Amino acid sequence: MFDEIGFPRGAESDDAGLPALYHFVYCSRAADGVDDLEVGRIIERAQRHNRAHGITGMLAFGSGVFFQWIEGPAAEVQKLIASLHGDSRHYDIVALDQSEEKRERLYPNWGMEKVEAEDIRAVLEDALESAEDDNNVATLKRILDQLASVPFDPLPFSTQQPA
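Thresholds, definitions, all that
Residues numbered from 1 in each chain as written. Predicted model: local features only at pLDDT ≥ 70, side-chain atom pairs only at ≥ 80, totals over all residues. Heavy atoms only, no water. Salt bridge = Lys/Arg side-chain N within 4 Å of Asp/Glu carboxyl O. Helix = DSSP H or I, 4+ residues; strand = E, 2+ residues; numbered from the N terminus. Buried < 20%, exposed > 50% of the residue type's maximum accessible area, 1.4 Å probe, protein only. Pairing = 2+ DSSP bridges.

1. Looking at the pattern of salt bridges
Inspection of the entire model under this criterion finds eight salt bridges. The salt bridge partner of E71 is R103, with a shortest N-O separation of 3.1 Å. Of the two residues, E71 sits in strand β3 (residues 65-72) while R103 sits in the loop between β4 (90-102) and α3 (117-130), which places them 32 residues apart along the sequence. Under the relative-accessibility criterion, R103 is labelled buried at 2%. One salt bridge connects D87 with R89, and the closest N-O pair in it is separated by 2.6 Å.

2. Side note on the pairing of β3
Counted residue by residue, β3 has eight buried out of eight residues, so it is predominantly covered. Across the two faces of β3 the burial is the same, with V65, F67, W69 and E71 and F66, Q68, I70 and G72 all buried. Sheet analysis places strand β1 (residues 20-30) next to β3, joined by eight bridges and oriented antiparallel. What sits directly across from Y22, in β3, is G72. Where strand β2 (residues 56-62) and β3 come together, seven bridges link them in antiparallel fashion. The residue bridging T56 from the neighbouring strand is E71, located in β3. Turn length for the β2-β3 hairpin, with the two strands adjacent in sequence and antiparallel, is two residues, and the turn residue S63 shows positive phi of about 50 degrees.

The following block contains the structure:
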């Protein structure tokens, strides 16, 4: 679903030597009090944790909405997913995509890539069209309403490479 708006799928032709990577893509709403400074702290901690556990990905934050792509070894990503669900700094977590496949990493470095508001909206609208779970439908509608109600203000992140 992400190819349509510019998310590359990686090498699809010869995957014999590629690692099995699990990926998890989600969006959520930031809790009250989560500001640019707190997001900066989240990113610093995530970079240290992810580097030590073979996890890479990207995070976008704007207008009170998180959008994240996480990839790495299945067991490590699943532990991270469990911790995300217990994190009080966000709520209304919606899993947009997750699977395991042999492929190259989309984000080989923990880069804080800028994702434009239109891209996030397109991904969420696509997810809403295919959502079957009533809770996910309601949550996606709340997140889209939030994005529509305030101007999107992404953080100016720079790309950082693991040591």
